[in-house]
Amino acid sequence: MITAPSIQSIETSTVPTGTFRLAVRIGAVVLLSILLGGATSWAQGALPSELRSFANSASGWTVLTALLVFWSRARTGPAALLGAVSFVLLVLGYAVASQLRGLWYDPLLFSAVGLAAGPLVGVAASWLRATGVRAALGAALLAGIGVGEAVYGLTVVGETTSPVYWSLIAAAGLALVAGLLVRRIRGTLPVGLAIGGTAVVATVFVVAYSNLG
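Residues numbered from 1 in each chain as written. Predicted model: local features only at pLDDT ≥ 70, side-chain atom pairs only at ≥ 80, totals over all residues. Heavy atoms only, no water.

## Section: the side chain of Q44
Reasoning step 1: One can find Q44 in helix α2 (residues 17-46).
Reasoning step 2: In this structure Q44 comes out as buried when scored by relative accessible area, which is 19%.
Reasoning step 3: Ignoring anything within four residues of it in the chain, the contact list for Q44 reads R52, A55, N56, Y94 and R101. (Helix = DSSP H or I, 4+ residues; strand = E, 2+ residues; numbered from the N terminus. Buried < 20%, exposed > 50% of the residue type's maximum accessible area, 1.4 Å probe, protein only. Contact = heavy atoms within 4.5 Å.)

## A word on helix α7 (residues 163-183)
Reasoning step 1: In a regular helix each residue adds 1.5 Å, so 21 residues correspond to 30 Å; α7 covers 30 Å between its end C-alpha atoms and thus fits that length.
Reasoning step 2: Within α7, burial applies to Y165, W166, I169, A170, G173, V177 and L180. Along the long axis of α7, the arc covered by the buried residues comes to 140 degrees, so they all point the same way. In α7, the exposed positions angled more than 90 degrees off the buried face are occupied by V182 and R183.
Reasoning step 3: Where α7 is buried, its residues meet α3 (58-72), α6 (132-155) and α8 (188-212). (Expected span 1.5 Å × (residues − 1). Arc of directions from axis to C-beta.)

## Side note on the packing of aromatic side chains
Reasoning step 1: Scanning the entire structure with this criterion turns up eight aromatic pairs.
Reasoning step 2: Seen in terms of ring centroids, W61 and F110 are 5.7 Å apart; in terms of plane orientation they differ by 70 degrees. Their pairing is edge-to-face. Separated by 49 residues along the polypeptide, W61 in helix α3 and F110 in helix α5 (residues 108-127) bring together distant segments of the chain. Across the pair, F110 and W61 agree in class, each one buried.
Reasoning step 3: Site record: aromatic cluster; members linked through ring pairs are W61, F87, Y94, Y105 and F110.
Reasoning step 4: Across the ring face of W42, the terminal group of R101 is positioned such that the distance to the ring centre comes to 5.6 Å.
Reasoning step 5: When the ring centre of F70 is taken as reference, the NZ or CZ atom of R129 above it lies at 3.9 Å. (Phe/Tyr/Trp six-rings, centres within 6.5 Å; stacked < 30°, edge-to-face > 60°. Lys NZ or Arg CZ within 6 Å of the ring centre and 35° of its normal.)

## Considering the environment of G122
Reasoning step 1: Of note, G122 is situated in helix α5.
Reasoning step 2: The class of G122 is buried, set by a relative accessible area of 0%.
Reasoning step 3: On a C-alpha basis, the gap between G122 and D106 in space is 24 Å, while along the polypeptide they are 16 residues apart.
Reasoning step 4: With sequence-adjacent residues up to four places away left out, G122 is seen in contact with V69, A79 and G83.

## Brief notes about the nonpolar core
Reasoning step 1: Counting residues in each nonpolar core, the largest one holds 35 residues, and the members touching the most others are W61, V91, Y105, F110, L142, I185 and Y209.
Reasoning step 2: Elements supplying a minimum of two residues to this core: α3, α4 (76-100), α5, α6, α7 and α8.
Reasoning step 3: The leading source of residues in this core is α6, at eight residues.
Reasoning step 4: Leaving out residues up to four positions away in the same chain, I185 has contacts with G132, A135, A136, L180, P190, V191 and A194. (Core = buried A, V, L, I, M, F, W, Y, C linked by side-chain atoms within 4.5 Å.)

So this is what it looks like as structure tokens:
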């Protein structure tokens, strides 16, 4: 006797569990990006002076974007798109919260930066779950941004900002590379890419950010 499939079995076959979970995570990343972007505006007045630069720096938004994409467990393609979306929404959330606080912030410049750099940050965050060359490149990009902005912060704006945050973000970047060298990166080429890539990205960041700002 042939029986019709139950509604539950049809729904399960139509929407695979993995796809549904990814969709939920993507929705959460979108919402959290807006909320966290707004929070960084409020944090500028709430954080102690030693950490205030986190709420007013490219590395701060980069860290949040990377953490959200990493949490989403998105693969390379979706992670690239999600990185751009998250970064831009962080900027827009910051702009909206600033308006609510009676402050003016033009999100155009850093939204453009987010569209350009966000996909790279998203892919790098996704590749932290990989091994070898991918893990090395992911670590090098994220660590290089942290170290690069630390150098910029300690030198270019060192007279008007606390060195504490810049030191912490540099240490976090180097710790990320060191941790992956211990756990996921093996071989001469991947190790060289992780270490050398961090230095290259940091140098490029300082040059680009100095010209930008």
